[in-house]
Amino acid sequence: MIKSTISTLLATAALVSSTCLTPDPSSCSCDMPTAAKNSRTECCPNPHASGIEKVGNIDFEYACGKYPRLYDIAAGLPAATADLCATLCAANPSCAAAGWNPSSRLCHLSTDTSGDTTYRVNSLLLTKTNFISPAHQCEEEVQEAVTKAQETCTREKDALKGELAQCKAASDPACWGNGGANLCTDSCTQQDLLVNGKKFQKKCDFQIDSFVGQELFQPIRDCIQQCSQQSDCVGVQGNPAGTSCWVYNDQWSIQAPRREPGWTLLLVA
């Protein structure tokens, strides 16, 4: 009696642990129906059994007694096993789910993952987990591209706005009046100036050794214009009187500016 009970328990355990999706038909009676046994019952220990198994590199959720609502990709494809039916679905990017009938050995491919809730004997629903349809994936890729383009456009627009503001500042009388002598007055609030595409950083009340630069007996505005047109120019400065300015073309010559009231120094940023 005890021996018989143990045998029954072992048989039941083997039945419950059997897999519905297996490449080896001999390991699952679900894939090898016989006239004497209902293959669906062998594969599905209870009428509403379900689980997740991997076919290739894709996880499929199987549900006993369910089937796809639509057979809109293909219907009646020969498939000797549930594993082969799942493989057919796995190979089709548009396939979201498959229905397999272990009696007829036919496989039906569908884009529908909902599964009919009406119980159907001899039916097995195989659904791809984390399925994304090609159309939806394409929409996501398009939306991602649009978002990136919008972000790039916003950055470029903001940069242009900044350049426009600096260009306006480059012609602002509050800064450039009196030959540029107003650059370091309270009326000129611009710290960075853009002239002919070259950016200058303003340092008021600073001076560098004037003898190492090219001296022009002109207002500092003229030195800035000349510097903006020279690729090797690194900075300019003007004296407090506004009568002379210097153009510097060597980086080493502007390394040690010192504080000197009334002087105006602009370094190429």
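The structure displayed is predicted, hence computed values, not measured ones.

## Describing the confidence of the model for the protein
Then step 1. For the protein, per-residue confidence averages 76 on the pLDDT scale, and 74% of positions sit at 70 or higher.
Then step 2. The low-confidence segment residues 22-42, where pLDDT is below 50, has 45 contacts with residues more than four positions distant or belonging to other chains.

## What about unusual backbone geometry?
Then step 1. One non-glycine residue, N196, lies in positive phi territory at about 55°.
Then step 2. Among the structural elements, N196 can be located in the loop between strand 7 (192-195) and strand 8 (198-207).
Then step 3. The backbone of D205 sits at a positive phi, close to 65°, despite the residue not being glycine.
Then step 4. Among the structural elements, D205 can be located in strand 8.
Then step 5. With a relative accessible area of 30%, D205 lands in the partly exposed category.

## Looking at the packing of aromatic side chains
Then step 1. All chains considered together, the criterion is met by 1 aromatic pair.
Then step 2. Between the aromatic rings of W246 and W263, the centroid separation amounts to 5.5 Å while the plane-to-plane angle is 40°, which identifies the pairing as tilted. Taken together, the positions of W246 in strand 11 (residues 245-248) and W263 in strand 12 (residues 258-268) put the pair 17 residues apart, joining distant regions of the chain. Like W263, W246 is buried.
Then step 3. Lying over the aromatic face of F206, K203 brings its terminal NZ or CZ to 4.8 Å of the ring centre.

## Some points on the sheet that holds strand 11
Then step 1. One open sheet holds the 6 strands; their spatial order is 7-8-12-10-11-9, and the pairing between them is antiparallel. The sheet is open, and its two borders are formed by strand 7 and strand 9 (214-216), each paired with just one other strand. Strand-to-strand twist of the sheet, defined as the mean angle between neighbouring strand axes without regard to direction, takes the value 25°.
Then step 2. The strands that helix 6 (residues 220-228) touches are strand 7, strand 8, strand 9, strand 10 (235-238), strand 11 and strand 12; relative to strand 10, the one it contacts most, it runs at about 175°.

## What about the layout of surface pockets?
Then step 1. Size it by volume and the largest pocket reaches roughly 160 Å³.
Then step 2. For the largest pocket, the lining is made up of 17 residues, of which A181, N239, P240, G262 and T264 are closest to its centre.
Then step 3. A per-element tally of the lining of the largest pocket places strand 12 first, with 3 residues.

Cut-offs and rules
Residues numbered from 1 in each chain as written. Predicted model: local features only at pLDDT ≥ 70, side-chain atom pairs only at ≥ 80, totals over all residues. Heavy atoms only, no water. pLDDT = per-residue confidence, 0-100. Contact = heavy atoms within 4.5 Å. Helix = DSSP H or I, 4+ residues; strand = E, 2+ residues; numbered from the N terminus. Buried < 20%, exposed > 50% of the residue type's maximum accessible area, 1.4 Å probe, protein only. Phe/Tyr/Trp six-rings, centres within 6.5 Å; stacked < 30°, edge-to-face > 60°. Lys NZ or Arg CZ within 6 Å of the ring centre and 35° of its normal. Pairing = 2+ DSSP bridges. Axes fitted to C-alpha atoms, helices over the stretch in contact; angles between N-to-C directions. 1 Å grid on protein atoms, 1.4 Å probe; cavity = no way out; pocket = protein on both sides within 12 Å on 5 of 7 lines; lining within 4 Å. Points joined across faces, edges and corners; volume = space filled by probe spheres on them.

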